[in-house]
Structures are given as structure tokens and as C-alpha cells.
Amino acid sequence: LDGSKMMEETNRKSTEETPGEASRRSQSLSSHPSSAALKQRKSGRFNESWMKIEKKYAQISEDLKGKDTSWPKPEQWVNIRTLPRNPRTARELIIDRSTIVDQYIDDCLAFYCQDWITPNRISEKFQYAQPSHLPTCVYDLSSPIGNGGASTHPPIAVQGTKDDLEGNLSETETDDLSIPPDDVGALSQRSTTPLFRMYSAGPTPEEIAPSHPFTEKQDLQLMIEFKKLSFKLGDIEPFFATLAAYDLSRKEKISENIYFDIPSEGAAQLDIKNLKTSTNNKAILTITYPSPETYLVLRIEKILQGDIDDVMDPYMKYSSMKEKDRDRVMSAVKSAWSRKTPLRQGFCWAVVPLFTEDKKPTLGGVEFKTLFRHKGNDISDQHFLELVNEYSRSSSSKRSRMVPGSFLVEISEGVDPRCGRITPSLLPVNPTGKEMIPEIQEFPPSWEKAFPYQRVVNNLYCYPINLNLSSRSGPVSARNIAIKVQLVGDKDNAYVPLQAMYPRTIAGNPENPEFETESYSGVTYHTKSPQFYDEIKMKLPVQMTDKHHLLFTFYHVTCQSGKIGKLGNGESMTPVGYSWLPLYQNRIIAGKEYNLPVALELPNHYMTAFDSEVKYLDGKKPLFKLRIHTVSSLYSRDTSLNSFFTEYSRHSNPKPKVIQKLLKVGHGHLTRFLPTILNALLRQICTSPTANESYAIFVVMTQLLHIFQINNVNATEILTSYVDYAFDNPVDVPSFVYEQICRHWYSLIKKHEETSDHSIKLAWFFFKLIYKSMILKANHANQLVEEDRTDRFDASFQTKLRELVELLTYEIQQRTKSELSIARDLNRALANFLRNLLSVYDRGLTMQMIKNSVQDVNSSQIDMLVDFKFDFLRIVADYEHFTQLNLPQLEILDSISEISFNWSQSHPLLALILREIENGMSHKERHIRGRCLATLRRLLQRLDWDKTSVISLSMIASMYFPFLLSALDHLDTYVASDFEEKRHFLICSLWILKNVPRELILDWLKKESKTRLESLFSLLHHAIETFEFIGEERWIEKMGEIKQFKSSETKAALETYYTESIGYRRAGKYKTLREKRAEAARRSMEHRKLSVSNPPVSPMMLSPGNTPGNSTGDLNVSIAAPTNRLSFSREGTPVVSPVTERHASDAQERLFNSAPTSPGNFPRSESDKSESFGRRFNLRNASLHASHVDLNLNYDDNTEMNLSSEVNSIVLTTVNLVLEFLRDFQASSPIPGREITMTTDVLDAVLNLQLEMLKKNQSQEVLKHLYRSLRKFAENSAEFL
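All right, on to the overall build of the protein then. Scanning the protein for helices and strands turns up 40 helices and 29 strands. The burial tally for the protein puts 58% of its 1281 residues in the buried class. Taking the contacts inside the protein whose residues are at least 6 apart along the sequence as the reference set, 81% of them involve residues at least 24 apart. Entry remark: accessible area of the protein is about 53300 Å², with carbon and sulfur atoms responsible for 48%.

Right, let's talk about helix α19 (residues 795–815) for a bit. Relative to the 30 Å expected for 21 residues at 1.5 Å per residue, α19 spans 30 Å between its end C-alpha atoms, a close match to the ideal helical length. In terms of residue burial, α19 counts as a mostly covered element, since 16 of its 21 residues are buried.

Once that is clear, we can look at empty space enclosed by the protein. According to the stated counting rule, one finds 18 cavities of 30 Å³ or more in the structure shown. Considering the residues around the second largest cavity, the lining is formed by 16 residues, among which T242, K253, N257, R299 and Y533 are closest to the centre. Counting only elements with at least two residues in the lining of the second largest cavity, the list comes to β4 (239–247) and β8 (294–303). Element by element, the count of residues in the lining of the second largest cavity is highest for β4, at 4 residues.

Our focus in this paragraph is the sheet that holds strand β16 (residues 458–467). Spatial ordering of the open sheet is given by β20-β16-β27-β26, a layout of 4 strands whose pairing is antiparallel. Since the sheet does not close on itself, it has two edges, and those belong to β20 (536–539) and β26 (593–596), each with one partner. The average undirected angle you get between the axes of adjacent strands in this sheet is 30°. Pairing between β16 and β20: 4 bridges, direction antiparallel. Within β20, the position partnered with C462 by the bridge is I536.

The next thing to look at is the packing of aromatic side chains. Going through the model one piece at a time under the given rule, you end up with 47 aromatic pairs. Taken together, a centroid distance of 5.0 Å and an interplanar angle of 50° make the contact between W580 and Y606 tilted. Here W580, found in strand β23 (residues 571–582), pairs with Y606, found in the loop between β26 and β27 (624–632); they are 26 residues apart in sequence, far enough to count as distant. Seen from their ring centres, Y584 and Y635 are 5.3 Å apart, and the 80° between their planes marks the pair as edge-to-face. Within this pair, whereas Y584 is found in strand β24 (residues 584–585), its partner Y635 is found in the loop between β27 and α10 (639–650), the two being separated by 51 residues in sequence.

On to the pattern of salt bridges, then. Side chains that differ in charge, positive against negative, can pair when their charged atoms come close. Evaluated as defined, the whole model comprises 50 salt bridges. Among the ionic pairs, R926 bridges to E980, the shortest N-O distance being 3.1 Å. Of this pair, R926 sits in helix α26 (residues 926–945) while E980 sits in helix α30 (residues 979–995), and the two are 54 residues apart along the sequence. A salt bridge links R983 to E1200, with the nearest nitrogen and oxygen atoms 3.4 Å apart. With R983 in helix α30 and E1200 in helix α38 (residues 1197–1228), this pair connects stretches of sequence that are 217 residues apart. The same class applies to R983 and to E1200, which are both buried. Sharing partners across several salt bridges, the network here consists of R828, D871, R874, D878, R938 and R942.

In this section: the sheet that holds strand β13 (residues 405–413). As summarised here, the arrangement of the 6 strands in space is β10-β13-β3-β7-β15-β14, forming an open sheet in which the pairing is mixed. The sheet is open, and its two edges are formed by β10 (364–368) and β14 (420–422), each paired on a single side. Across the sheet, the mean angle separating the axes of adjacent strands is 35° when strand polarity is ignored. Where strand β7 (residues 282–287) meets strand β15 (residues 436–440), 2 bridges bridge the pair, whose relative direction is parallel.

Position of T242 relative to the elements: it lies in strand β4. Residue classification places T242 among the buried positions, given a relative accessible area of 9%.

Right, let's get into the packing of helix α15 (residues 715–726) against helix α18 (residues 763–780). Two numbers describe how α15 lies on α18: the axes approach to 9 Å, and their chain directions differ by 10°. Judged by the angle between their axes, α15 and α18 are roughly parallel. In contact with T716, L719, T720, Y722, V723, D724, Y725 and A726 of α15, α18 contributes W764, F765, K768, L769 and K772.

Below, the discussion takes up the environment of T608. Take T608: it is sitting in the loop between β26 and β27. With 61 residues separating them in the primary sequence, T608 and K547 have C-alpha atoms 9.4 Å apart.

Now for the pairing of strand β21 (residues 549–557). Along β21, 9 of the 9 residues are buried, which leaves the element largely enclosed by surrounding structure. In this structure, strand β17 (residues 481–491) lies alongside β21, joined through 8 bridges in antiparallel fashion. The residue bridging A482 from the neighbouring strand is Y555, located in β21.

The next subject is the environment of Y1267. When you line up the elements, Y1267 lands in helix α40 (residues 1260–1276). Among the residues examined, Y1267 registers a relative accessible area of 8% and is labelled buried. In this structure the C-alpha to C-alpha distance between Y1267 and Q1250, which are 17 residues apart in sequence, comes to 9.4 Å.

A separate point is the pairing of β26. Remember that side chains alternate between the two faces of the sheet whenever the strand is regular. Here β26 shows a clear split, with Y594 and L596 buried on one side and none of E593 and N595 buried on the other. Here 4 bridges tie β26 to β27, and the two strands are oriented antiparallel to one another. In the strand pairing of β27, E593 is matched with R627.

For the bond from N430 to P431, the omega torsion is -10°, close enough to zero to count as cis. Look at K620: it is not a glycine, yet its phi comes out positive at around 65°. For K620, the location among the structural elements is in the loop between β26 and β27. Among the residues examined, K620 registers a relative accessible area of 35% and is labelled partly exposed.

Let us look at a negative patch on the surface. Among the surface-exposed residues, E1032, E1033, E1037, D1196 and D1197 lie close enough to one another that they form a single negatively charged patch. Ranked by residues supplied to the negative patch, first place goes to helix α33 (residues 1031–1039) with 3 residues. As for its placement among the helices and strands, E1037 is situated in helix α33. Judged by relative accessible area, E1037 falls into the exposed class, the value being 58%.

A separate point is the confidence of the model for the protein. The predicted coordinates of low-pLDDT regions are not to be read in fine detail. Summing up the model confidence of the protein, the mean pLDDT is 76 and the portion of residues at 70 or higher is 70%. Low confidence marks residues 1042–1055, where pLDDT is under 50. Its contacts with residues over four positions away, or in another chain, come to 36 contacts.

Turning to helix α20 (residues 820–837), a few remarks are in order. An ideal rise of 1.5 Å per residue puts 26 Å on 18 residues; α20 measures up with 26 Å between its terminal C-alpha atoms. Among the 18 residues that make up α20, 18 are buried, leaving the element largely enclosed by the rest of the structure.

Turning our eyes to something else, we now look at the packing of α30 against helix α32 (residues 1010–1026). The N-to-C vectors of α30 and α32 enclose an angle of 120°; their axes lie 10 Å apart at closest approach. In terms of orientation, α30 lies oblique with respect to α32. In terms of crossing hand, the pair formed by α30 and α32 is left-handed. Residues F979, K982, R983, F985, L986, S989, L990 and L993 of α30 lie in contact with α32, whose contacting residues are L1016, L1019, L1020, H1022, A1023 and T1026. Of the residues assigned to the contact of α30 with α32, the class counts are 9 nonpolar, 3 polar and 2 charged.

With that settled, the discussion passes to the nonpolar core. One finds F552 and Y960 to be the most contacted residues of the largest nonpolar core, which totals 238 residues. With 47 residues, the next largest nonpolar core counts L222, L229, A350 and V366 among its residues.

Attention shifts here to the environment of D863. Relative to the assigned elements, D863 resides in the loop between α21 (843–856) and α22 (864–877). What makes D863 buried here is its relative accessible area of 18%.

About the thresholds
Residues numbered from 1 in each chain as written. Predicted model: local features only at pLDDT ≥ 70, side-chain atom pairs only at ≥ 80, totals over all residues. Heavy atoms only, no water. Helix = DSSP H or I, 4+ residues; strand = E, 2+ residues; numbered from the N terminus. Buried < 20%, exposed > 50% of the residue type's maximum accessible area, 1.4 Å probe, protein only. Contact = heavy atoms within 4.5 Å. Areas by Shrake-Rupley, 256 points an atom, 1.4 Å probe, with all protein chains shown as cover. Expected span 1.5 Å × (residues − 1). 1 Å grid on protein atoms, 1.4 Å probe; cavity = no way out; pocket = protein on both sides within 12 Å on 5 of 7 lines; lining within 4 Å. Points joined across faces, edges and corners; volume = space filled by probe spheres on them. Pairing = 2+ DSSP bridges. Axes fitted to C-alpha atoms, helices over the stretch in contact; angles between N-to-C directions. Phe/Tyr/Trp six-rings, centres within 6.5 Å; stacked < 30°, edge-to-face > 60°. Salt bridge = Lys/Arg side-chain N within 4 Å of Asp/Glu carboxyl O. Parallel < 35°, antiparallel > 145°, perpendicular 65-115°, else oblique. Patch = residues over 30% accessible without salt bridge, like charges linked within 9 Å, V, L, I, M, F, W, Y side chains within 5 Å. Lys, Arg positive; Asp, Glu negative; His and termini not counted. Charge placed at Lys NZ, Arg CZ, Asp CG, Glu CD. pLDDT = per-residue confidence, 0-100. Left-handed = near helix turned anticlockwise from the far one by under 90°. Nonpolar A, V, L, I, M, F, W, Y, C, P; charged D, E, K, R; others polar. Core = buried A, V, L, I, M, F, W, Y, C linked by side-chain atoms within 4.5 Å.

The following block contains the structure:
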């Protein structure tokens, strides 16, 4: 179709669609949203125009070839970049994936090992030349500024009469004012200083943090360093200290144990050969949820000796101990060490709060001053927490005897980066250091801040709780019971203990620890029903089987020598029972409390033995209670998730009913395994045998994502990282992800179900998913290096994509009436998506969808849609190759009347934007006119600040030339407006006059009408008046004119307040209109009472040149409680006190503070949504009645001086271009006598303008050029004068 006249005519009609036609088409769309409105349109593409642009772009690329430039070729606008996955640890677990049986385990391992793949757009990130320090601008001011009087400029005072002009000039003639008599063009040279270096158009374009791959984020980290343990008795034996964090409000343990082996000088005297201690005395504790209810609990153990009262007695009676008594105690300790090395018994415990009431960590030296002795058998965690809870709230210690002594640790926030670390899996962290400090595994009480697993973690914690052997009889007494725990696997049909038990402390080389085959619990002396408090940690095999189990062996330990049943090293231990726990049954890992029977003997193949083959104690009653806690990135404890993974591993296409179980997955498990879950679901969507099953899975995925988004504060960050870096198209599937998502999403929205609303809120995610899937497909097919994009994607997908965009455009318009924030987010997401498509999809089709989306939004009824429209256009215009898409520039004007059509064909995207700007310039509402100008100023500032562009600014500026014609036509509207709006309007026109090619200006002047030329001089006159340097006092006076809310602004804010009050909508408590009005009246009355002493902040906070943060182009807004004070930080960011309206609606903030977001900034979590627009302000409903301005403006004399000087230079340059045009016109006028009338009128206007400039405060540089211009004017226009 390229080049056909029919298509060219279609393009022209489509491009020049009138507002009335667009309105009628939009009305038709809203009348039949489900059918007629969404029928397939004829795809009017800009193919003919695009071919011209492509050729021009190719020519530019050819011209730049070989030069030092980063200018991309069209086929290199996007590619796929592979980023090596930088592991956190210096070494990873060695895993043989060929032994993996379960598909989901293999998928998990693949995710943890894969490199990141991300779309890379060349020049996506601009390099902006920040405003440099402006030179000092010198003004000759003979009278003070700011009193309203005109000042004079030495060496002369020009009164401005034509008769005195020649005399005045001759009196002031100097050498430096002379110019060559024939060099008229010398007076029309342009300044090289960018205009927007002196006039802020808003925030620096797109200074946002890009997305990043998944990271293992650490919250508050505390370094705990053991300092000293001391008893009044003295240092006579080694001890074992255990620290752990507990949440007393939940009665939960929130960290694994921290172990400190505490050697002593007495131990050296004892010459204990079997003592293995670690020199490490530090640990790193992570706390995600600081709370005053978080306590650090200390347990101190010693070698097992016997009765705790006998053991404790010397420490309690330390003051009466003699030397021989001390020797006797040390001898008993040495004897105990020689016989019972692995066994310990509880000695004392203590507790201190880890945080203050304001959730600040307790730092510095923390001393456990009160050490309580263990009370016999009441040592289980349950009883222990009750004691801790009691003692933490009372200073009374009557119920427990205290041990004279103290335990001292040093707690500091943060970790010295020079220190090395070891993960809870004993893997060294990069970079390693001389001192390797262990990180302590956290068990957070909540998962709302969780992140997905990034590496293999596969640990199991076993907590024996209690054991009852009171019914056991026999020759061996079942007292002083210890438990040996082993992780057992199967090898050659035999049960073999695995070397999987973590050592309590790391001795020797911390980077290569030695795992053990068994671990022992502590011993409670002389009881047949002991309670336990031990934590036994082990690593699980990567591929679990149903034969993996825990084996518990119960021993009676004699504390006297000479007993039989010795084990290995002479320790008197006799087995009295056995129990076992399968860890992986029905593909579900163990992870809860268990009550197990106790067997008196252990038969061969006990795991598969019948009950009749096993002799159980007490008729197989559950006598042993324990708890299992798993921290694994391979095995989930969630039953619903395990069911899904099991079916996924067994069947290539599990049924939707099975997949439906995912909706019951716990929030923490959903977060931790989210990438693997999404990969599995997307594969199922692409491989399902029927379209209905594929659609059903897509619906489940949407519901699952919605659940995830409302339950995790980091949901948006996690989903963005997943799409940008982790997602890849499934291999060996019949269809692509982008095709299925597009098809199913369209069908879901049309059904108007609750899930449809969820998908709308997730639009940004689905758009990113479609976009990346398209790039991956094109990259795989080697299509990204092809210049022609026509056949990259098949016709059916192109049709469905266009229908989806049209449907979502309709949703934006409809939801604006009731769900403003949702409509706003959807509008941004759609704009971002279409902008991104310009890098991979057919650019003609993309431009057509952009045009249709803009024109389908009928803003004639809802002014808020105007904000949406310009927000949409702003995002599209932020495309990194926006300039290239709009080349070639306008160079020669055939006629003024044909500029619009020719320009639309050459600059299709810019034509759309400037047409909408022109339509908005005549709007009755000031804030809408402000949005129009803000959009244009942002584009122009981008061009001024971009330091990477290799295209001349004059070539680019010519694309914006038609705006100058529109500005002249709308001049009357803006010259009658306030000071600030007039500045915004004029600065855009002056930028074009400054930067467009001189030849284009001259060509335009030759063909322009007299009326427009008169408007041009009027514009220049107002520029001189508006940008005159008048000093801070008068400047603030002009900027501080009282403004009123427009009726539409107030109405929109009130409607939003009523329809989007978060509290009422979520609770389902809708109020009647009468109740709402009564509430608004009550709030207004309260506001007026408070306003007596402190007037409310005005809705219009103005700033010079539009303070950064303002995208409306005309106002910075803060509507706040009367007690609030608004000020500006050094960076110009508004700062408001934290008094906020609880239910201030997101949409109200959007109305009064529409600061722009970045192109890549997608909706965040619910708590952050109100900040996604940029600056966040407080809003109070009653302040809608405010009308006065509370000014706190940034003003800089030197900036205003330079700006005034630059504006006057632009005016003077334009005047001399007019004179240059006039000279050519006189020589070539085709109508006799016309040149006399034209010459007289133009010369009169030129002279009046220059005289007006002489009346204003001017810089020395401007005065020098102004006098030169006047001299030349007098020489060449003597007859006229």
C-alpha cells in the first residue's frame, strides 16, 4: 500500500480529523462499548510520511558515520542485553540437576542460576546538561528597582521621540558601537545560551531510579558482639551462651539461635582436651519489623553434671567459698568434661528489650544484669516465654532465684563493610574478609515486606518440645534423657545418616565448615518427662524422596562413672527408645508440630515395617512432641502451593481446578516463590490444549497477582524486576506470551467481572509483559536488526492489539466518571506501552493507535480528561527518539495555508501533540491552558538540556515552528492573563524565534499576512514588558496576584472526594448525598474557625518560571490544614508538615498537584500510589474554599537578570531579521505601491519597539547591541525618519 494515492488521501483525512468528528466518534464509542464501538477500524497508517522520515534518518546516520557519536541506527533502537547474575556468595551449592525428578524443583534451580535478560534501548537514558552557573549580568541602574518608576541608563537618557533620535545617537557614538556599514546580518546573530537554562520548565526530565534485578534486601541489621560473662564465683569453667530474638506479643521466636562458646582462664587450668570452641564472638542479626515487644533472650548452659541445685550452689554461695571448695568444684567440672563432652544442661537465663518504645534499637553496651537460674523442668519455649513475658513487665524477682553475675554484649547498627560474612547456610558472602561474621536467619512474623528467593536455601530446624517415658520399665532407668537427632537417607536399600547437621559454632576454617551426622539435645536432670528448648539445624538434600526422615534416639545418661552402656568415648549413655519422622510424604515437606509414638526397639527397615513388627511404648500413644520449621527456596510448607507444584510436576497441563488452589496460598509463600509460579502459569497459558483452559489460567493468574499486590508493600518493585529481568518466553510452546495475554486480557475486560477490574489495575504489568515478550520473539527470530518491521508480528495479533488499545481507551473515559485514580493509572500505563512499542512494533501502526487514543478521549464533558490527554502526550513525547521520528524538518514554505498539512505529514507525532496544545490554548479554564503550555515547555526544555543530540537545534526547532503561528492567533487570550501564565506562554514563542533557522523566519515573513506581522510585534512588545528586570519586590508582587479556584476545579475535587473516599468505599458504607453535603459543611465550618488565627494555604503556590515539580505549567499547589506551613527545601521541593487528612483522595492530589512522572514510572503499591505523580501534598477537603495565596517563592536576581537580557536579545535579533526581510521585500514586491505601505508600517513598529526597549531596565550587553541596531536603523531609514 506504500505510496498509493488512496492511502495518502486516507492519511490526510485521518490526520486532519476535526474536533467535531472526533467528538461524534467518541460518542459512538461510548454508546456501544461492547460491540459497535470496538469494531475494527481501517488502519490509516503514516506509511508515506514514515518512508520520508526513514530516508531522512538514514541520511543523518550516513552523515554521522565514522564520527564520535552514540547516534543509533533505526535497526538498533532496541536489543536484548544479558546481565551476568552476580551471586551474593563466593561459592554456591554444587547441584547435579540431572538427578532432579520434580519439574518445579528444576524450574526453581533454573531461576536461581539464570542470567538476567532485559530489553536495552540505546539512548533510553538521556544525558542532561544541568544548568551551569550563569555569568554575572551587569545592569546600569541609576535609580532603585522595585518602586515602579522607569530607570535611565548612562551615559544617556533616551526620551523616545523620533525627532531627537539622530541627535541622541550621534552624541553617544563610540568606537565599540560601530559596525560595518554593509553588515546587516551581524545584528541578527543568535545567542548560544540555552533559554531554559534560565527559565525552569519543571523538573529535570526523567531523573528517576531505573528498575533493578531482584536483590536480597536487608532491613535493620544489628551487629551483636559478645564482650564478657562474669560470675561472682569467678572464672572456673567454660560456658555455652545462646541468644535469640523473640516477639513477646506474638509469643514467637523470630530468629535462629546465636551461639557463643565462652572459654575461660579456668578452662585452661582444667586442661580439657575435648573442648572445641570458636574464636568468633560476633553475629549479624536482621530485624524486619522493629517493635518494643522484641526482646533478646539469653540462655547460658554448662557441661552436664547432675542436679541443678547442686551445680548452682557454689555460684549462689560464692562469698563463703574457700580455696579448697573452688578446687573441688573445678575437679568435678573436669570429670564431667572427660565423660560427657557433647551433653549440656541449662544453667541460667536473662532477657533485655531490643528496641525502645519508639522502635529505636538499643545500642551500645547492653548488659544482662539479672540472670535467672533454670527452674528444673519448666524450660520449654512455651513456659519460658511466659516467664520472659512476666519478668519483662515487672521488676519483681521473687518467683525465681537470681545468679550473681552479668553478661555483656555490644550492639551496633550496621556492619563494617570490611568485614566478611557467612550466610545462615555457611556460605561466604562476597567480598570475603579476614574476619568472617555469621548472619543469623530471621523468622519474620509477617511477610508483607518479603522478597522472592534469589538463591538456594534449604535448611530445616527441629525443635523437640517434650517427651514422656514415665510408663517405661526395665533394668535401665529412663531419666536424664538426651535426644540424638539424625537426618537419614537411603543408599543401596539401607538407611544411612547424612552429614547434614550444622555445627553449633564454626571452628577452624569458617569458609569450609564441617557438617556432622548427629546432634544432641540438652539434658534435664532426673525426670522421665523432660521438656526441651534446643534448636537443631540441618541442611536438606536438593531432591527429597519419601525415604528421607529424621531419626530420634532417646538416651538415658548416667552422671556417675562405672555404668555400662558406654558410647564410644566413655560417656555413659543407654538408648531407651526411638522415634522417626518422614520429611517428604506426598511431595510435601514437613513443617508443623508433630506427636510421635516411641518404639522400644529399632527394627530393620523401620520406615516400612508394619505396626505388628514394631514394639511401641504405651500402645503407640504419641509420647514425643516436636516442631519442624523449614526455610527452603525449593520446598514450600504451604499445602496449596505444594498441591499445585505436585500436579505441575506430574502433568504437563494441570487442570484449571488444580491451578485454582493457588488462590489459597499463604502470602509469604506466594512472595517467596512468585517467579517460579509465574513462569509455570505463563507456560500453561501458552500450552493449554483449549482456548477456554488457557483463558481460565489467565484469570487465575490475574486474581493471584491482585492478591499479591494488596498484601505486599514491595509488590510493584517485585513485579517490575520480574518482567524486566527474569521473564523469558517459554521454549517449545505453540504460541507466544504476548499473543495469549493480549487475547485473554481483551476477553476478560469485555466481561465486566470483578477480575476485569483487577486486570485494569494491573495494566502496567501486562503491558510490560507484552512488550518484553514481543522483543524476545523478535530477537530470537533475528528481526531486531531488520529495518522493515512490517512482518515482525502476524496480522491477527495486530488486529487484536489494536482492539485491546481501543477498549482500554474506552475504559479510561468511562472510569474517569467514578474511579479517577484507576483511570489515571491506566492512562499512564497505556501511554508508556505505546511509547515503548515505537522501539519494536510497526511505527506507523503505533502512531495510528496513539492518535486514536488521544482523539477517542472526549474531553468536552469532563475537564479532567484534558489532564489525562496531556499526561498521555507528555509520556509519548518523552520517547528517546521522538525527534528522529519527526524528521525531516520544515525548511521551505510553499504557502502559509499549506503549512498545516505538509507539517503533519513530516511530523506525525508532533503534529498530534501541537494540535492538542492549540485546541487547549483557547480553553476557558486556566489550569487546562497551563497543562498545554507545560507539555510544550517540557519538550522544549528537553531539547535545551540534552547534551547527547547530534542534530542541530535549529533543525529540530523548525518542527515546532507552526506553534508560533498558533501563538500569534491566541495572543489576545494570554496577554490578558496573569503575570505567570503570560510568562509561560511567551517563553515558548521566544524559544522558537531564537532557535529556528534564520532562513525559515525570512521565508515566513515574505509570505505572511500583515495581521500576523502586527501580532508578532505585539508579542515582542509583551515579551519586553513581561521579562523586564524589575527586582525581587515588584516581581513577587506581580507573581502574588490573588487567584480564585475555577468552578470546574472545585467541582471535580468534590466529586472525587465523594466517589473515592477510601474509608467508605472499602467498608461499603456509602452515604447519602445529604449526608455528604452535611459533612462537607461541617468540615468547612471547622476550617473557617481555624482560619481566624491562621489563614489556609492557597491552592495556587507560584514560583519563578514554574518551580520544579509542577507539570500543570501554572501552579504548585498545597491544600493543607491551617496548622500546616509550606516551605521549600534547597532543591525547590515543597515541604509540608505531617498533618494530613486521613481520607484525602488520590484524585484530589492529582487535580491540584499534577507533577509529571517518568516514562518508566508505573503504579506502585496502595500506600505509595499518591506519590507516583511526583511531589505529594497534604489536602484538606474544607480548603477547597480557599482563595488567597501564601507565597514562599524562590527568586534569584542573577537568574532574572540573565533571563531578561536573553529575552531582549531575542527580540532585538528578531527585529533585525524583520529589517532584513523588509530590505528584500522592497526589492522584490510584485505589487506597485504595496512596498511603501508595508515599509512604513513595519518601520514604525520597529522604531516603537526599540524605543520601548530603551525605556526598560537593560543589561550593558543588550544596550550595546541596541545602540548598534538604532544606528544602523537611522543610517538605512533616514528618508523614513
